[in-house]
Amino acid sequence: MAVKKYFDHIQLKEKTFTAEVTLDYFNKRLKIDDYRGDVGSLLVVINELIQTNCFTKGIVKVRNEHLHIFLQHGFMLEAVFQKMFNGSDAYCMCKYYDDSRYASNNWIEEDKILTAVQKLEDSDLRPQLPDGYIVRKATHADANHLAKLYATVFEIYPTPLNDPNYITKIINNGTIFFVVEHQAEIVSAASAEINQEYNNAELTDCATLTQHRKFGLMKILLLQLEQELINHNIYCAYSIARALSYGMNAVLKQLGYSYTGRLKNNCYIFDKLEDMNVWVKDLSSN
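All of these numbers come straight from a predicted model, not from anything done at the bench. (Residues numbered from 1 in each chain as written. Predicted model: local features only at pLDDT ≥ 70, side-chain atom pairs only at ≥ 80, totals over all residues. Heavy atoms only, no water.)

Below, the discussion takes up helix α7 (residues 217–231). Structural remark: α-helix, 3.6 residues per turn; residues separated by three or four positions point the same way. Counted at 1.5 Å a residue, the expected span for α7 with its 15 residues is 21 Å, and the 21 Å between its end C-alpha atoms agrees. Residues of α7 that are buried: L217, M218, K219, I220, L221, L222, L223, L225, E226, E228 and L229. Two residues or fewer after α7 comes N233, characterised by a positive phi angle close to 60°. (Helix = DSSP H or I, 4+ residues; strand = E, 2+ residues; numbered from the N terminus. Expected span 1.5 Å × (residues − 1). Buried < 20%, exposed > 50% of the residue type's maximum accessible area, 1.4 Å probe, protein only.)

As a further point, take the pairing of strand β9 (residues 185–195). The buried count for β9 comes to eight of 11 residues, which makes it a mostly enclosed element. Pairing of strand β8 (residues 176–182) with β9 involves seven bridges; the strand directions are antiparallel. Bridging across to β9, F177 finds its partner in S191. Connecting β8 to the antiparallel partner β9 that follows it, the hairpin turn spans two residues, and Q183 within it adopts a positive phi of roughly 50°. As judged from the seven bridges shared by β9 and strand β10 (residues 200–208), these two strands associate in the antiparallel manner. Opposite S191, over in β10, you have T204 as the bridge partner. Remark: four residues form the turn of the hairpin made by β9 and β10, two consecutive strands paired antiparallel; N199 in that turn has positive phi of roughly 60°. (Pairing = 2+ DSSP bridges.)

Moving on to helix α6 (residues 164–172). Buried within α6 we find Y166, I167, I170 and I171. The buried residues of α6 occupy an angular sector of 135° when the element is viewed end-on, so they sit on one face. Projecting away from the buried face of α6 at angles above 90 degrees are the exposed residues N165, K169 and N172. Looking at the packing, one finds that the buried side of α6 touches β1 (7–13), α5 (143–153) and β8. You can read the cap of α6 off the contacts: a side-chain oxygen lies 2.9 Å from the backbone nitrogen of N165, and it is on D163. (Arc of directions from axis to C-beta. Contact = heavy atoms within 4.5 Å. Polar contact = N/O pair within 3.5 Å; in protein donor to acceptor, adjacent residues only side chain to side chain.)

Here the focus is the pattern of salt bridges. For the structure on display, the rule yields 16 salt bridges. Of the charged contacts in the structure, one is a salt bridge between E110 and R262, with a shortest N-O distance of 3.6 Å. Residue E110 is found in helix α4 (residues 107–118), and its partner R262 is found in strand β12 (residues 258–269); the two are separated by 152 residues along the sequence. Of the residues examined, R262 reaches a relative accessible area of 3% and is grouped as buried. The salt bridge involving K253 is made with D122; its shortest N-O contact spans 3.1 Å. With K253 in helix α8 (residues 246–254) and D122 in the loop between α4 and β7 (133–137), the pair connects residues that are 131 residues apart, well separated along the chain. Take D122: its relative accessible area is 48%, and that puts it in the partly exposed class. Through salt bridges with shared partners, a single ionic network connects R242, D271, K272 and E274. (Salt bridge = Lys/Arg side-chain N within 4 Å of Asp/Glu carboxyl O.)

It is worth spelling out the environment of F85 at this point. For F85, the location among the structural elements is in strand β5 (residues 76–85). Separated by 113 residues in sequence, F85 and Y198 have C-alpha atoms that sit 5.1 Å apart. Residues within four places of F85 in sequence aside, it is in contact with D33, K61, R63, A90 and Y198.

Once that is clear, we can look at the packing of α5 against α6. Viewed as axis vectors pointing N to C, α5 and α6 meet at an angle of 115°, and their least axial separation amounts to 8 Å. For α5 against α6, the interelement crossing comes out right-handed. Only P164, I167 and T168 of α6 make contact with α5, whose side of the interface consists of A143, N144, L146, A147 and Y150. A per-class count over the contact of α5 with α6 returns six nonpolar, two polar and no charged. (Axes fitted to C-alpha atoms, helices over the stretch in contact; angles between N-to-C directions. Left-handed = near helix turned anticlockwise from the far one by under 90°. Nonpolar A, V, L, I, M, F, W, Y, C, P; charged D, E, K, R; others polar.)

Take a look at the structure:
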């Protein structure tokens, strides 16, 4: 049986611009995290790539000086990644190419969850690891166990984390995983995907087995990852959480992250396309 191809990362080098592009076949979207040169020429190619691949959403992290150009071409501001570009903000501009991709059926419920989360106080208290649990940095040897964890927690996930080969590949490319073990089993994990050029990191791939969720393990893992980032002089940290998840959004709020927007129908996770909340933190003040 053929293995489903999730995405291609390509570097466009045209006469008038360059761009780092992700063709995300699984989530039917095009993403551009970096670009230089003539924005008008870039926008033409964006539309061509989206139409060719039958994508339904385009996402570009835009510099402040280009906001008006993307607005003129039908893009909408959905979130702000503060200090993402070596201290300068990145504006997440999105455009939709299908009515069903634009329509969000859970927006009001997600607003209610966000309102409840925003009332929580930030907490300086560091949760204690329960007896019988250990936290450590993951290695290549953990790839099979990590893949099992993600396959158990997520029926659907936007990247192939149920594949140990993929996990090994991203670890080789610099992604850092921390895990919690209980009785020699990985029961919780999270990662930091580092952008070395712009000195930022996404805290992602957060998963905990159901029976271990009462111990605050994710807070412990995220704090470990934050310290690892600080040790590498990475001070811009962000995370993208399911807007329908009170628990994950609450964790980020209590750890001092600021809500900066919601990405509509951003990716397939669990059993459907879901809206995702963006949370950002300046680690230099830790």
